[in-house]
Amino acid sequence: MNKRRVLIAVAVLVALALVYKLYPRGKDAPKEGDGAGESIADESEEARIKRAQLRSAEVAKAPRAVLGGTVIDGETNEPVPGAVVSLVRRGLDFGARLDPGQAKAPIMVTTDAKGKFRIGGLRAGRFSLSASARSYLPAIKDDIGVVAGDEKTAIELVLGRGGNELSGTISDIGGGPIGGAYVRAQRISEGTVKTLFRAPLTARTDAEGRYSIRVLDGTYYLEVGHADYVRQERATEVIGAPRTEDFSLVPGGIIEGRVLVSGTDEPVANARVTRSQRGARITGLAFGATATTDANGRFVLSGLKSGDVSLLAVARGYASRNPTSVLLSIAEHRTDVIIYVDAAY
């Protein structure tokens, strides 16, 4: 398998997803008189800050939705306890929970003894769900729409048999297994934008660092992560036989800080903080690379590779003039980082 081709294909799909998500289409396109594109150049800096804080408060107060249901064995019709249910919201966050002030993280839960699952705190949108369990072929349910305050708790995800086992061991680079790590497999051989908005097949490692997912033939992009480690990504191909993919993870760093207005030190709410780093590959499946500030301008980035980390922040009406550089050691935790932003139009 030509891994370079696979990486290029992933990059193309991400670019297409960006166009698909952001290019105005039909009823989503700006309409005359709806305020889209109106200049706020005359708005004072104080008014802009207050507007951003009010918007953050409104988002926080909006009623959240709930998705839930049961994972079932398709042959016996019995519930499947211990299955991992993964959720993706249609959008460029690629299945991440991006709560203000917290590190970006994948959304996943494990079914209880009765095969039940429940995922709350969701904003309105369209979602995809997947369910995976050892020895079963995963199930996927696409295009689940919810509105604010919705509670859809009767969803059934039916697991089947067949496919090939994709398995391996996740360990610390210094030795020893990593329990509780997640492995997410996204089938990319279909080559469609829709693939990027589909919930990945997900497994968690046991106490010995072992994982197992059954998959259909195809090319998969794997992402392996843990809250305390730098994430890894890899392409693999499964054709007619089991496949083993082992990973060794490096302890990751954490950066906590605030986004402030240059000259006034006012906090900026709902700012998107992104990082770039030499040698760190970021695709649609990567987590920890972005964060959103809370009402006090606070943010957290986790799972960071050691080295020089460049940080940028963008908010409505504000943007970083220059990157903020942070030199990070292996597993270092920085809590004193300030990113300044200036008025932008």
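Please read all numbers here as calculations on a predicted model, not as lab measurements.

Rules used throughout
- Residues numbered from 1 in each chain as written.
- Predicted model: local features only at pLDDT ≥ 70, side-chain atom pairs only at ≥ 80, totals over all residues.
- Heavy atoms only, no water.
- Helix = DSSP H or I, 4+ residues; strand = E, 2+ residues; numbered from the N terminus.
- Contact = heavy atoms within 4.5 Å.
- Areas by Shrake-Rupley, 256 points an atom, 1.4 Å probe, with all protein chains shown as cover.
- Core = buried A, V, L, I, M, F, W, Y, C linked by side-chain atoms within 4.5 Å.
- Buried < 20%, exposed > 50% of the residue type's maximum accessible area, 1.4 Å probe, protein only.
- Salt bridge = Lys/Arg side-chain N within 4 Å of Asp/Glu carboxyl O.
- Pairing = 2+ DSSP bridges.
- Axes fitted to C-alpha atoms, helices over the stretch in contact; angles between N-to-C directions.
- Polar contact = N/O pair within 3.5 Å; in protein donor to acceptor, adjacent residues only side chain to side chain.
- pLDDT = per-residue confidence, 0-100.

### A few points about the overall build of the chain
- In terms of regular secondary structure, the chain is built from three helices and 24 strands.
- Here the contacts in the chain between residues at least 6 apart in sequence split such that 68% fall between residues at least 24 apart.
- As displayed, the chain offers around 16,900 Å² of accessible surface, 50% of which is attributable to carbon and sulfur atoms.

### Let's talk about the nonpolar core
- Among the nonpolar cores identified, the biggest contains 22 residues, and Leu 67, Val 71, Val 85, Leu 87, Leu 129, Leu 157 and Leu 159 are the most heavily contacted of them.
- For this core, the elements supplying multiple residues, two or more each, are strand S1 (65-73), strand S2 (84-89), strand S5 (116-122), strand S6 (125-132), strand S7 (139-146) and strand S8 (151-159).
- Core analysis: the next-biggest nonpolar cluster, separate from the first, contains 20 residues, Leu 301, Leu 304, Val 326 and Val 341 among them.

### Some words on the pattern of salt bridges
- One pass over the structure, following the stated rule, counts eleven salt bridges.
- Among the ionic pairs, Arg 334 bridges to Asp 336, the shortest N-O distance being 3.0 Å.
- Judged by relative accessible area, Arg 334 falls into the partly exposed class, the value being 23%.

### Considerations on the sheet that holds S8
- Spatially, three strands are ordered S5-S1-S8 in an open sheet, and the strand pairing comes out mixed. Either end of the sheet is taken by a strand with one partner, and the two such strands are S5 and S8. Strand-to-strand twist of the sheet, defined as the mean angle between neighbouring strand axes without regard to direction, takes the value 25°.

### What to know about the environment of Gly 317
- With respect to the helices, strands and loops of the structure, Gly 317 is situated in the loop between strand S21 (307-315) and strand S22 (318-319).
- Looking at Gly 317, the relative accessible area reads 11%, which means it is buried.

### Some thoughts on the sheet that holds strand S11 (residues 201-204)
- Taken together, four strands build an open sheet; the order of strands is S11-S10-S13-S14 and the sheet is antiparallel. Only two strands of the sheet have a single partner each, and these edge strands are S11 and strand S14 (232-238). Recorded for the sheet is a direction-independent mean angle of 25° between the axes of neighbouring strands.
- With four bridges connecting them, strand S10 (residues 182-187) and S11 associate as antiparallel partners. When the sheet's bridge partners are listed, Tyr 182 is paired in S11 with Arg 204.

### Examining the side chain of Thr 70
- Looking at the element boundaries, Thr 70 is found in strand S1.
- Looking at Thr 70, the relative accessible area reads 12%, which means it is buried.
- Here the side chain of Thr 70 touches Lys 116 through a polar contact of 3.0 Å, side chain to side chain.
- Leave out the neighbours within four places in its chain, and Thr 70 touches Pro 79, Lys 114, Gly 115, Lys 116, Phe 117, Ile 155, Glu 156 and Leu 157.

### What to know about the confidence of the model for the chain
- Scored by pLDDT, the chain comes out at a mean of 82, with 73% of its residues at no less than 70.
- Ignoring residues within four places in sequence, the model shows residues 13-41, a span with pLDDT below 50, making 30 contacts including any to other chains.
- Note on residues 280-288: pLDDT under 50 across the span, and 35 contacts to partners over four residues away in sequence or across chains.

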